[in-house]
Amino acid sequence: MLLNKTRLVGFTNRSHKCNMEIHSTSDVVILSGNSHPELADLVANRLGVRKGGCSVYHKTNRETMVEIADSIRGKNIYIIQTGTKDVNNNIMELLIMAHACKTSSARSIVGVIPYLPYSKQCKMRKRGCIVTKLLAKMMCKSGLTHIITMDLHQKEIQGFFDCPVDNLRASPFLLQYIQESIPDYRNSVIVARNPGSAKKATSYAERLRLAIAVIHGEQKEAESDEVDGRYSPPCMPSVDRSRTMDVSVGVPVHPAKEKPPINVVGDVGGRIAIMVDDMIDDVQSFVAAAEVLKECGAYKIYVLATHGLLSSDAPRLIEDSSIDEVVVTNTVPHELQKMQCNKIKTIDISVLLSEAIRRIHNKESMSYLFKNVTLED
């Protein structure tokens, strides 16, 4: 039943050890879109459930069509769909599949979305909008009653949804990889690529009992000047100067940020540097960080992340860089990138998604998955 001789240990139900199979498979239907069918097959095989018949395709005018072959009335539906480079089609497939299940009188519709698209756009930027909130509203309106995802870019994204969200963690898999596959990992230092990821690096370092280092001073692109009034000084207000403190300008101007050249806060000399992050998309910043770590004396450099988007010419940049190995999970398909770069390694996390589905279906607590997940060969 379990693939690759990997299993979750400790899943006990008081008197007996639980297996990965759910109590009743007659009312469980697993559907998948076109984003990651291999992951859906792994999850279905681990659960011992046959995938439901569902055809998702595009017409000549590029409209998305969904046809569900089996009856799903009164059944519990689990739609496995992740975000890839074809992100907008992935979203529309998920929304249409969920709505098709809703209008077919499904009992519950759970969206299993290992990588939530648009999760980086979860804050207001200039005159943009919070796209993640828009996506959350669309998912809930389409009929999804529950969301299972993994390592959200910001945990606060869960508050955008009007349905329960289980944000699973891939860190136990990555921690196990460090302990078992990196020789002399005790001579390592966990590196935060920027101050924003220092919290994640600290979490890894505490669990591995290692030191941390932070790369500071990365250069950011300057904001383009636009003649729209955003930089025009405010008008001088008319105030009673006898009772109000005088200010030379109406509203104080924010001082411009001037970051120093890139430097490493911490000792990495003669040690293994392990950079951790939630996703690897544009690898240029990782490559630049690796060059700095190499100059500071790190003799081996690893990059670990949950989501390996690896967009554009990422495989070539990784192959030509000082990075020795990039380790990601299979939340996002990246087989083509692995064929182009021998440094990319993959960890299978289908066992965690399978256990989450089993627990939800059997109405068991999910808290165990957030604190006691370990792996055993």
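This report concerns the structure included in the present document. Since the structure is predicted, the reported quantities are computational estimates derived from the model, not experimental observations.

For the rest of this paragraph, the subject is the overall build of the protein. Assigned secondary structure in the protein consists of ten helices and 18 strands. Among the 377 residues that make up the protein, the fraction classed as buried is 48%. A separation of at least 24 residues holds for 66% of the contacts in the protein among residues at least 6 apart in sequence. About 19,700 Å² of surface is accessible on the protein, with carbon and sulfur atoms providing 51% of the total.

Here the focus is a positive patch on the surface. Together, Lys155, Arg169, Lys199 and Arg207 line one region of the surface with positive charge. For arginine 169, the location among the structural elements is in the loop between β10 (165-168) and α4 (171-181).

Moving on, we get to the sheet that holds strand β13 (residues 263-265). One open sheet holds the seven strands; their spatial order is β13-β12-β11-β14-β15-β16-β17, and the pairing between them is mixed. A strand with exactly one partner marks an edge of an open sheet, and here the two such strands are β13 and β17 (344-347). Geometrically, the sheet is characterised by an average inter-axis angle of 30 degrees between neighbouring strands, direction not taken into account. With four bridges connecting them, strand β11 (residues 188-192) and strand β12 (residues 211-216) associate as parallel partners.

The subject of this paragraph is the sheet that holds strand β9 (residues 146-150). With parallel pairing, the five strands of this open sheet are ordered in space as β4-β7-β8-β9-β10. The two strands at the open ends of the sheet, each matched to only one other strand, are β4 (28-32) and β10. Averaged over all pairs of adjacent strands, the angle between their axes in this sheet comes to 15 degrees, without regard to strand direction. Of the pairings in the sheet, the one linking strand β7 (residues 76-80) to strand β8 (residues 108-113) comprises five bridges and is parallel in character. Across the sheet, asparagine 76 pairs through a bridge with serine 108, a residue of β8. The strands that helix α9 (residues 350-361) touches are β4, β7, β8, β9 and β10; relative to β9, the one it contacts most, it runs at about 155 degrees.

Before going further, it helps to examine unusual backbone geometry. Of note in the backbone geometry, serine 105 takes a positive phi value of approximately 65 degrees without being a glycine. With respect to the secondary-structure elements, serine 105 resides in the loop between α2 (87-103) and β8. In this structure, leucine 310 takes a positive phi of about 50 degrees despite not being glycine. Positionally, leucine 310 belongs in the loop between β15 (300-308) and α7 (314-319).

Because an α-helix packs 3.6 residues into every turn, residues spaced three or four apart end up facing the same way. In this model helix α3 (residues 131-142) runs 17 Å from its N-terminal to its C-terminal C-alpha over twelve residues, within 8% of the 16 Å that 1.5 Å per residue would give. Turning to α3, its buried residues number three or more, namely Val131, Thr132, Leu135, Ala136, Met139, Cys140 and Ser142. Looking at the packing, one finds that the buried side of α3 touches α2, β8 and β9. Just beyond α3, the residue with positive phi is glycine 143, at close to 130 degrees.

As a further point, take the nonpolar core. Grouped together as the largest cluster of nonpolar side chains are 48 residues, with contacts concentrated most on Ile148, Leu168, Ile190, Ile274 and Leu353. With six residues, the single largest contributor to this core is α9. When sequence neighbours within four positions are dropped, the list of residues in contact with isoleucine 274 reads Ile178, Ile182, Ser188, Val189, Ile190, Val191, Tyr302 and Leu304. Residues Val29, Ile109, Leu152 and Phe160 belong to the second largest nonpolar core, which totals 31 residues.

The next subject is the packing of α2 against α3. Direction vectors running N to C along α2 and α3 enclose 25 degrees, while the axes themselves pass 8 Å from each other. Overall, the two elements α2 and α3 adopt an arrangement that is roughly parallel. Of α3, the residues touching α2 (which contributes Ile91, Leu94, Leu95, Ala98, His99 and Lys102) are Leu135, Met138, Met139, Lys141 and Ser142. Taken together, the residues of the contact of α2 with α3 sort by class into seven nonpolar, two polar and two charged.

A separate point is α9. The end-to-end C-alpha separation of α9 is 17 Å, in line with the 16 Å expected for twelve residues at 1.5 Å each. α9 sits mainly inside the fold: twelve of its twelve residues count as buried. Every buried residue of α9 is listed here: Ser350, Val351, Leu352, Leu353, Ser354, Glu355, Ala356, Ile357, Arg358, Arg359, Ile360 and His361. Once α9 finishes, lysine 363 follows within two positions and takes phi at roughly 60 degrees, a positive value.

Once that is clear, we can look at the pattern of salt bridges. What the rule picks out here adds up to twelve salt bridges. For the salt bridge of arginine 193 with aspartate 277, the shortest nitrogen-to-oxygen distance reads 2.9 Å. Of the two residues, arginine 193 sits in the loop between β11 and α5 (198-208) while aspartate 277 sits in strand β14 (residues 272-280), which places them 84 residues apart along the sequence. Given a relative accessible area of 9%, aspartate 277 falls into the buried group. Here glutamate 364 and arginine 359 are joined by a salt bridge, their closest N and O atoms 3.9 Å apart. When salt bridges with common partners are traced through the structure, they connect Glu355, Arg358, Arg359 and Glu364 into a single cluster.

We now examine the side chain of arginine 193. Residue classification places arginine 193 among the buried positions, given a relative accessible area of 18%. There is a polar contact of 2.9 Å between the side chain of arginine 193 and the side chain of aspartate 277. The contact partners of arginine 193, leaving out residues within four places of it in the chain, are Ile215, Asp277, Ser285, Phe286 and Ala289.

Each value, and the rule that gives it
- Residues numbered from 1 in each chain as written.
- Predicted model: local features only at pLDDT ≥ 70, side-chain atom pairs only at ≥ 80, totals over all residues.
- Heavy atoms only, no water.
- Helix = DSSP H or I, 4+ residues; strand = E, 2+ residues; numbered from the N terminus.
- Buried < 20%, exposed > 50% of the residue type's maximum accessible area, 1.4 Å probe, protein only.
- Contact = heavy atoms within 4.5 Å.
- Areas by Shrake-Rupley, 256 points an atom, 1.4 Å probe, with all protein chains shown as cover.
- Patch = residues over 30% accessible without salt bridge, like charges linked within 9 Å, V, L, I, M, F, W, Y side chains within 5 Å.
- Salt bridge = Lys/Arg side-chain N within 4 Å of Asp/Glu carboxyl O.
- Lys, Arg positive; Asp, Glu negative; His and termini not counted.
- Charge placed at Lys NZ, Arg CZ, Asp CG, Glu CD.
- Pairing = 2+ DSSP bridges.
- Axes fitted to C-alpha atoms, helices over the stretch in contact; angles between N-to-C directions.
- Expected span 1.5 Å × (residues − 1).
- Core = buried A, V, L, I, M, F, W, Y, C linked by side-chain atoms within 4.5 Å.
- Parallel < 35°, antiparallel > 145°, perpendicular 65-115°, else oblique.
- Nonpolar A, V, L, I, M, F, W, Y, C, P; charged D, E, K, R; others polar.
- Polar contact = N/O pair within 3.5 Å; in protein donor to acceptor, adjacent residues only side chain to side chain.

This is a description of form; function is not addressed.
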